[in-house]
Amino acid sequence: MNDTSQIDAIMAVMQAAFDPQWGEAWNRRQVSDALALPNTFAIVNYTGDDEQKTAGFLVTRHAPGEEELLLIAVHPKYRRQGIAYQMLVQLAKDARERGASRIFLEMRENNPAAELYVKFGFEPIGRRKSYYLLSDGNRMDAITYGVSI
Ligand SMILES: CC(C)(COP(=O)(O)OP(=O)(O)OC[C@H]1O[C@@H](n2cnc3c(N)ncnc32)[C@H](O)[C@@H]1OP(=O)(O)O)[C@@H](O)C(=O)NCCC(=O)NCCS
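Keep in mind that this is a model prediction, so the values were computed, not measured. (Residues numbered from 1 in each chain as written. Predicted model: local features only at pLDDT ≥ 70, side-chain atom pairs only at ≥ 80, totals over all residues. Heavy atoms only, no water.)

**Thoughts on the site of the ligand**
Piece 1. Taken together, 20 residues are adjacent to the ligand, and Ile 72, Val 74, Arg 80, Gly 82 and Tyr 85 come closest.
Piece 2. Here an oxygen atom of the ligand sits 2.8 Å away from a polar atom, N or O, in the main chain of Val 74.
Piece 3. At 2.8 Å from an oxygen atom of the ligand is found a main-chain nitrogen or oxygen belonging to Arg 80.
Piece 4. Within the complex, 79% of the 910 Å² of free accessible area of the ligand lies under protein.
Piece 5. In this structure the site holding the ligand corresponds to the largest pocket.
Piece 6. Looking at the shell around the ligand, the elements with two or more residues in it are strand E3 (66-74), helix H3 (83-97) and helix H4 (113-120).
Piece 7. For the shell around the ligand, the element with the highest residue contribution is H4, accounting for five residues.
Piece 8. Of the residues contributing to the shell around the ligand, the split by class is 13 nonpolar, three polar and four charged. (Near = heavy atom within 4 Å. Polar contact = N/O pair within 3.5 Å; in protein donor to acceptor, adjacent residues only side chain to side chain. Areas by Shrake-Rupley, 256 points an atom, 1.4 Å probe, with all protein chains shown as cover. 1 Å grid on protein atoms, 1.4 Å probe; cavity = no way out; pocket = protein on both sides within 12 Å on 5 of 7 lines; lining within 4 Å. Sits in = over half its atoms within 2 Å of the grid points. Helix = DSSP H or I, 4+ residues; strand = E, 2+ residues; numbered from the N terminus. Nonpolar A, V, L, I, M, F, W, Y, C, P; charged D, E, K, R; others polar.)

In structure tokens:
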């Protein structure tokens, strides 16, 4: 798979997965700039059907001893089938191979994705007040989660 088709696959989920009110989706340029960095990686799940080939993706950044999950999404058509959980399992394996012992992430406080993270073993470890600027101009706290792998 070349870089362009991996980015196409990611964007096909990105556009469908994020509610625009939170302003969380990345544009194509942000994805391609991130993945051009040597320490930033994607995991893409291609278990979709002919119409929507990509079911989900995540983007992650490695730093010495730790990994930061930057973005994870599953197409609405394929939710609650364990795809995000499976990608987290793969991430933990890849991150360990890169020498990480912890995974961190930051999430807007009211995101139901918290249930996924807690199920995986993440624990809330911090709060950043008014960290996210929403598309309506309001702000929301970020919760930092961490898990040992
Ligand atoms: C969050 C998201 C990635 C979850 O993907 P998913 O493939 O549906 O998640 P999984 O099927 O692997 O969920 C595993 C478990 O996590 C929990 N979970 C996942 N989504 C949940 C939700 N919306 N509400 C409550 N619990 C949830 C459940 O315990 C679930 O197990 P169950 O289905 O047996 O009850 C998906 O809803 C999504 O793309 N959301 C929009 C993008 C987003 O907000 N991403 C996170 C911030 S970057």
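Structure's up, so let's keep going.
**Brief notes about unusual backbone geometry**
Piece 1. The backbone of Arg 80 sits at a positive phi, close to 60 degrees, despite the residue not being glycine.
Piece 2. Relative to the elements of secondary structure, Arg 80 occurs in the loop between E3 and H3.
Piece 3. For Arg 80, a relative accessible area of 85% puts it in the exposed group.
Piece 4. Phi at Ser 130 is positive, roughly 50 degrees, even though this residue is not glycine.
Piece 5. By relative accessible area, Ser 130 is classed as partly exposed at 35%. (Buried < 20%, exposed > 50% of the residue type's maximum accessible area, 1.4 Å probe, protein only.)

**Quick notes on the pattern of salt bridges**
Piece 1. Counted by the stated rule, this structure contains 12 salt bridges.
Piece 2. Of the charged contacts in the structure, one is a salt bridge between Glu 68 and Arg 61, with a shortest N-O distance of 2.7 Å.
Piece 3. What makes Glu 68 partly exposed here is its relative accessible area of 26%.
Piece 4. Here Asp 141 makes a salt bridge to Arg 127, at a shortest N to O gap of 2.8 Å. Taken together, the residues span a long stretch of sequence, with Asp 141 in strand E6 (residues 139-148) and Arg 127 in strand E5 (residues 123-133) at a distance of 14 residues.
Piece 5. Since its relative accessible area comes to 6%, Asp 141 is described here as buried.
Piece 6. Taken together, the salt bridges that share partners define one network made up of Glu 109, Arg 127, Lys 129 and Asp 141. (Salt bridge = Lys/Arg side-chain N within 4 Å of Asp/Glu carboxyl O.)

The values reported here are purely geometric and, on their own, carry no functional implication.
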